[in-house]
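Here is what each chain is made of, one letter per residue.
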Amino acid sequence: MTTLTQYGAVMTAAGAEHSPLIPEWADIIWSLVVVVVIAVVFRKLALPKLQAVLDERAAKIEGGMAKAEQAQAAADEAKARQEELLAQARAEAARTREDAREEGKAIVAEHRVKATEEAARIAEAAQRQIEAERQAAAVSLRNDVGDLATQLASKIVGESLADSAVQSRVVDRFLDELEASQVSAGAEG
(Lines give C-alpha, C1' and ligand atoms only; values in the text may rest on other atoms or scores of the structure.)
Protein backbone atom coordinates (compact mmCIF):
# COMPACT_ATOMS: atom_id res chain seq x y z
CA MET A 1 0.00 0.00 0.00
CA THR A 2 2.80 2.26 0.52
CA THR A 3 3.52 2.16 -3.13
CA LEU A 4 0.03 3.34 -3.92
CA THR A 5 0.26 6.12 -1.43
CA GLN A 6 3.55 7.20 -2.82
CA TYR A 7 2.13 7.04 -6.32
CA GLY A 8 -0.87 9.16 -5.29
CA ALA A 9 1.47 11.67 -3.66
CA VAL A 10 3.63 11.86 -6.71
CA MET A 11 0.60 12.39 -8.86
CA THR A 12 -0.83 15.17 -6.76
CA ALA A 13 2.54 16.82 -6.49
CA ALA A 14 3.02 16.61 -10.19
CA GLY A 15 -0.55 17.86 -10.60
CA ALA A 16 0.16 19.26 -13.91
CA GLU A 17 1.01 16.06 -15.37
CA HIS A 18 -1.97 13.84 -15.96
CA SER A 19 -1.75 10.01 -15.99
CA PRO A 20 -3.04 8.28 -19.12
CA LEU A 21 -4.43 5.43 -17.03
CA ILE A 22 -6.79 7.50 -14.89
CA PRO A 23 -9.37 9.54 -16.83
CA GLU A 24 -10.51 12.99 -15.85
CA TRP A 25 -13.64 13.42 -13.76
CA ALA A 26 -15.40 15.23 -16.54
CA ASP A 27 -14.72 12.34 -18.90
CA ILE A 28 -16.07 9.85 -16.40
CA ILE A 29 -19.28 11.90 -15.89
CA TRP A 30 -19.88 12.41 -19.60
CA SER A 31 -19.21 8.70 -20.22
CA LEU A 32 -21.77 7.81 -17.57
CA VAL A 33 -24.33 10.17 -19.13
CA VAL A 34 -23.80 8.65 -22.56
CA VAL A 35 -24.06 5.10 -21.19
CA VAL A 36 -27.32 5.99 -19.37
CA VAL A 37 -28.78 7.61 -22.52
CA ILE A 38 -27.80 4.61 -24.62
CA ALA A 39 -29.25 2.25 -21.98
CA VAL A 40 -32.54 4.21 -21.89
CA VAL A 41 -32.78 4.29 -25.70
CA PHE A 42 -31.89 0.60 -25.89
CA ARG A 43 -34.47 -0.25 -23.21
CA LYS A 44 -37.23 1.87 -24.81
CA LEU A 45 -36.63 1.13 -28.50
CA ALA A 46 -34.45 -1.89 -29.18
CA LEU A 47 -35.36 -4.13 -26.26
CA PRO A 48 -39.12 -4.28 -27.04
CA LYS A 49 -38.41 -5.11 -30.69
CA LEU A 50 -35.85 -7.71 -29.66
CA GLN A 51 -38.32 -9.11 -27.11
CA ALA A 52 -41.05 -9.21 -29.81
CA VAL A 53 -38.74 -11.09 -32.17
CA LEU A 54 -37.79 -13.53 -29.39
CA ASP A 55 -41.48 -13.99 -28.45
CA GLU A 56 -42.35 -14.59 -32.10
CA ARG A 57 -39.57 -17.17 -32.41
CA ALA A 58 -40.69 -18.84 -29.20
CA ALA A 59 -44.27 -18.96 -30.52
CA LYS A 60 -43.05 -20.44 -33.81
CA ILE A 61 -40.98 -23.00 -31.97
CA GLU A 62 -43.91 -23.89 -29.70
CA GLY A 63 -46.21 -24.07 -32.75
CA GLY A 64 -43.69 -26.25 -34.53
CA MET A 65 -43.45 -28.50 -31.49
CA ALA A 66 -47.25 -28.67 -31.29
CA LYS A 67 -47.40 -29.54 -35.01
CA ALA A 68 -44.68 -32.12 -34.49
CA GLU A 69 -46.62 -33.63 -31.59
CA GLN A 70 -49.77 -33.66 -33.74
CA ALA A 71 -47.84 -35.22 -36.61
CA GLN A 72 -46.39 -37.82 -34.22
CA ALA A 73 -49.86 -38.55 -32.83
CA ALA A 74 -51.22 -38.84 -36.39
CA ALA A 75 -48.32 -41.13 -37.32
CA ASP A 76 -48.94 -43.26 -34.23
CA GLU A 77 -52.64 -43.42 -35.08
CA ALA A 78 -51.86 -44.31 -38.70
CA LYS A 79 -49.45 -47.00 -37.52
CA ALA A 80 -52.08 -48.40 -35.16
CA ARG A 81 -54.64 -48.40 -38.02
CA GLN A 82 -52.12 -50.06 -40.30
CA GLU A 83 -51.39 -52.74 -37.72
CA GLU A 84 -55.12 -53.25 -37.18
CA LEU A 85 -55.69 -53.54 -40.94
CA LEU A 86 -52.76 -55.93 -41.19
CA ALA A 87 -54.21 -58.04 -38.38
CA GLN A 88 -57.60 -58.01 -40.11
CA ALA A 89 -55.99 -58.98 -43.40
CA ARG A 90 -54.14 -61.84 -41.72
CA ALA A 91 -57.36 -63.00 -40.06
CA GLU A 92 -59.20 -62.76 -43.38
CA ALA A 93 -56.43 -64.73 -45.09
CA ALA A 94 -56.65 -67.39 -42.37
CA ARG A 95 -60.44 -67.54 -42.80
CA THR A 96 -60.02 -67.78 -46.58
CA ARG A 97 -57.50 -70.61 -46.20
CA GLU A 98 -59.80 -72.41 -43.77
CA ASP A 99 -62.78 -71.91 -46.11
CA ALA A 100 -60.68 -73.24 -48.99
CA ARG A 101 -59.72 -76.29 -46.92
CA GLU A 102 -63.34 -76.89 -45.99
CA GLU A 103 -64.42 -76.42 -49.60
CA GLY A 104 -61.67 -78.81 -50.70
CA LYS A 105 -62.84 -81.38 -48.17
CA ALA A 106 -66.43 -80.94 -49.38
CA ILE A 107 -65.34 -81.38 -53.00
CA VAL A 108 -63.33 -84.49 -52.11
CA ALA A 109 -66.29 -85.89 -50.18
CA GLU A 110 -68.62 -85.09 -53.09
CA HIS A 111 -66.29 -86.80 -55.55
CA ARG A 112 -66.02 -89.82 -53.24
CA VAL A 113 -69.80 -90.07 -53.12
CA LYS A 114 -69.97 -89.74 -56.91
CA ALA A 115 -67.20 -92.31 -57.30
CA THR A 116 -69.00 -94.69 -54.94
CA GLU A 117 -72.25 -94.19 -56.84
CA GLU A 118 -70.44 -94.69 -60.16
CA ALA A 119 -68.75 -97.84 -58.81
CA ALA A 120 -72.10 -99.15 -57.60
CA ARG A 121 -73.66 -98.35 -60.99
CA ILE A 122 -70.80 -100.05 -62.82
CA ALA A 123 -70.98 -103.05 -60.50
CA GLU A 124 -74.76 -103.26 -61.02
CA ALA A 125 -74.34 -102.99 -64.81
CA ALA A 126 -71.64 -105.67 -64.67
CA GLN A 127 -73.91 -107.85 -62.53
CA ARG A 128 -76.75 -107.41 -65.05
CA GLN A 129 -74.38 -108.22 -67.91
CA ILE A 130 -73.09 -111.29 -66.07
CA GLU A 131 -76.65 -112.39 -65.41
CA ALA A 132 -77.58 -111.84 -69.07
CA GLU A 133 -74.50 -113.77 -70.23
CA ARG A 134 -75.28 -116.53 -67.72
CA GLN A 135 -78.82 -116.79 -69.03
CA ALA A 136 -77.56 -116.72 -72.61
CA ALA A 137 -75.04 -119.44 -71.70
CA ALA A 138 -77.80 -121.44 -69.97
CA VAL A 139 -80.02 -121.16 -73.06
CA SER A 140 -77.13 -122.09 -75.32
CA LEU A 141 -76.17 -124.94 -73.03
CA ARG A 142 -79.78 -126.12 -72.84
CA ASN A 143 -79.96 -126.14 -76.63
CA ASP A 144 -76.63 -127.93 -76.92
CA VAL A 145 -77.55 -130.42 -74.20
CA GLY A 146 -80.93 -130.84 -75.81
CA ASP A 147 -79.35 -131.63 -79.18
CA LEU A 148 -76.92 -134.06 -77.58
CA ALA A 149 -79.67 -135.66 -75.51
CA THR A 150 -81.86 -136.01 -78.59
CA GLN A 151 -79.06 -137.61 -80.56
CA LEU A 152 -78.25 -139.90 -77.65
CA ALA A 153 -81.90 -140.82 -77.14
CA SER A 154 -82.25 -141.43 -80.88
CA LYS A 155 -79.32 -143.83 -80.76
CA ILE A 156 -80.64 -145.56 -77.65
CA VAL A 157 -84.21 -145.83 -78.84
CA GLY A 158 -83.16 -146.53 -82.33
CA GLU A 159 -85.49 -144.14 -83.98
CA SER A 160 -85.24 -140.49 -84.81
CA LEU A 161 -86.74 -137.91 -82.53
CA ALA A 162 -87.16 -135.34 -85.24
CA ASP A 163 -90.41 -133.93 -83.95
CA SER A 164 -89.47 -130.71 -82.17
CA ALA A 165 -92.29 -130.93 -79.63
CA VAL A 166 -91.25 -134.43 -78.59
CA GLN A 167 -87.62 -133.38 -78.67
CA SER A 168 -88.36 -130.34 -76.46
CA ARG A 169 -90.30 -132.44 -73.92
CA VAL A 170 -87.52 -135.01 -73.70
CA VAL A 171 -84.87 -132.33 -73.25
CA ASP A 172 -86.89 -130.49 -70.63
CA ARG A 173 -87.55 -133.66 -68.70
CA PHE A 174 -83.86 -134.61 -68.84
CA LEU A 175 -82.72 -131.20 -67.66
CA ASP A 176 -85.33 -131.12 -64.89
CA GLU A 177 -84.10 -134.48 -63.65
CA LEU A 178 -80.51 -133.27 -63.89
CA GLU A 179 -81.30 -130.11 -61.88
CA ALA A 180 -83.25 -132.11 -59.30
CA SER A 181 -80.33 -134.46 -58.83
CA GLN A 182 -77.94 -131.48 -58.42
CA VAL A 183 -80.28 -129.85 -55.87
CA SER A 184 -80.56 -133.06 -53.86
CA ALA A 185 -76.78 -133.58 -54.06
CA GLY A 186 -76.25 -129.99 -52.89
CA ALA A 187 -78.68 -130.48 -49.98
CA GLU A 188 -76.88 -133.66 -48.89
CA GLY A 189 -73.37 -132.06 -49.23
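Above this text sits the structure in question.
Residues numbered from 1 in each chain as written. Predicted model: local features only at pLDDT ≥ 70, side-chain atom pairs only at ≥ 80, totals over all residues. Heavy atoms only, no water.

Caption draft 1: Local environment of the overall build of the chain. The number of helices and strands found in the chain is three helices and zero strands. Listed N to C, the secondary structure of the chain is α-α-α in terms of helices and strands. The buried share of the chain, reckoned over its 189 residues, is 5%. Carbon and sulfur atoms make up 63% of the accessible area of the chain, which amounts to about 16200 Å² in all. (Helix = DSSP H or I, 4+ residues; strand = E, 2+ residues; numbered from the N terminus. Buried < 20%, exposed > 50% of the residue type's maximum accessible area, 1.4 Å probe, protein only. Areas by Shrake-Rupley, 256 points an atom, 1.4 Å probe, with all protein chains shown as cover.)

Caption draft 2: Here's a closer look at the pattern of salt bridges. If you walk through the whole model with that rule in mind, you get eight salt bridges. A salt bridge links R95 to E92; the shortest N-O distance between them is 2.5 Å. One end of the pair, R95, and the other, E92, are both in helix α2 (residues 25-157), three residues apart, so they sit about a helical turn from each other. (Salt bridge = Lys/Arg side-chain N within 4 Å of Asp/Glu carboxyl O.)

Caption draft 3: Quick look at a nonpolar patch on the surface. A cluster of nonpolar residues, I29, W30, V33, V37, V41 and L45, forms a patch on the protein surface that exposes about 600 Å² of accessible area. With respect to the helices and strands, V41 occurs in helix α2. (Patch = residues over 30% accessible without salt bridge, like charges linked within 9 Å, V, L, I, M, F, W, Y side chains within 5 Å.)

That's the geometry; what it means functionally is another story.
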